[in-house]
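One letter stands for each residue in the lines below.
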Amino acid sequence: MPTITTRDGAEIFYKDWGNGRPVVFSHGWPLNADAWDSQANLVASHGFRAVAHDRRGHGRSAQTWDGNHMDQYADDLAELIEQLDLTDAVLVGHSTGGGEVTRYLGRHGSARVSKAVLLGAVPPLMLRTAANPQGSPIEVFDGIRAGVTADRSQFYQDLSTPFYGANREDSAVSQGLRDAFWLMGMQVGIKGALDCIKAFSETDFTEDLKSIDVPVLVAHGDDDQIVPIQAAALQSVELLKNAVLRTYPGAPHGLVGDFEKAFNADLLAFIAS
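### As for the overall build of the protein
The helix and strand inventory of the protein stands at 9 helices and 8 strands. Computed over its C-alpha atoms, the radius of gyration of the protein comes to 17 Å, within 12% of the 19 Å expected for a compact globule of 273 residues. Over its C-alpha atoms, taken along the principal directions, the protein stretches across nearly 40 × 40 × 40 Å. Classification of the 273 residues of the protein by burial places 55% in the buried group. Pairs at least 24 apart in sequence give 77% of the contacts found in the protein among residues at least 6 apart. On the protein, roughly 10,900 Å² of surface is accessible, and the fraction owed to carbon and sulfur atoms is 50%. Across the protein, 22 positive and 35 negative side-chain charges occur, with their mean positions spaced 2 Å apart.

Below, the structure is given as structure tokens:
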């Protein structure tokens, strides 16, 4: 399997498809690079180079005990980009991956990056605080930790329901898609899974967003039950210097059905423009 080795010795698995301008994908929790297969295949089939990695602790990457936090995730992404010598890249992050992309740009700058896409992304801050009253209370994330700790297999099966909006009327979410979500979740090491909950929920990306100097497509479903749009995309576009907001009526957190088709078209148009 293709991997890079980071400075702290962690092996990070990645996929590298096609040729051309690089489009680098960062996945959500508790998934891995496979979650981006359709989009990676799409861009690689349209003359771009698709690169997608498994975050440390997830999928086929090393299950490190330490380093499961947003700064290290961003540093791992930086090492991947540098070791593959990617330039003029478009970074695409979903959910936690959107936080990873945002922290990368805030921490490492945009010398190798020309654009970014934040899909259903966790910035600027998921946790409710006095300064962020639209965020979710800590009890929500404590509940996620409790579910993973007690019976993570059942928890991931249950989580696939709101993730893809399968609890909404007229949902056409397949059992196969939900099974794929469960399978990716079960590949996450439990320590990395628990640490990542803290990382995606408690990291404040406000200053990172303010510092980003490349065009950003902010894409979000307005029926996202995992990362509600009011505390995420609608605030992020106000902090970014150069952002376009694309909302998808009735769309959930995970890409599925007409939502996925619409996002795919928007993604291709944005990276090709």
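Moving on, there is more to tell.
### Concerning the side chain of R55
Checked against the element boundaries, R55 lands in the loop between β4 (48–53) and α2 (70–83). Exposure remark for R55: the relative accessible area of 2% places this residue in the buried category. Residues within four places of R55 in sequence aside, it is in contact with S26, H27, G28, S61, Y73, T96, G97 and E100.

### Overview of unusual backbone geometry
Geometrically, the link from W29 to P30 is a cis peptide bond, its omega value of 5° lying close to zero. Tracing the sequence through the fold places P30 in the loop between β3 (21–26) and α1 (37–44). In this model, P123 is joined to P124 through a cis peptide bond whose omega is 5°. Summarising the element assignment, P124 is placed in the loop between β6 (113–119) and α4 (138–163). Within the chain, D88 stands out as a residue other than glycine whose phi angle is a positive 55°. D88 gets classed as partly exposed once you look at its relative accessible area, which sits at 41%. The phi dihedral of S95 falls on the positive side, at around 60°, and the residue is not glycine.

The rules we used
Residues numbered from 1 in each chain as written. Predicted model: local features only at pLDDT ≥ 70, side-chain atom pairs only at ≥ 80, totals over all residues. Heavy atoms only, no water. Helix = DSSP H or I, 4+ residues; strand = E, 2+ residues; numbered from the N terminus. Rg over C-alpha atoms; globule rule 2.2 N^0.38 Å. Buried < 20%, exposed > 50% of the residue type's maximum accessible area, 1.4 Å probe, protein only. Contact = heavy atoms within 4.5 Å. Areas by Shrake-Rupley, 256 points an atom, 1.4 Å probe, with all protein chains shown as cover. Lys, Arg positive; Asp, Glu negative; His and termini not counted. Charge placed at Lys NZ, Arg CZ, Asp CG, Glu CD.

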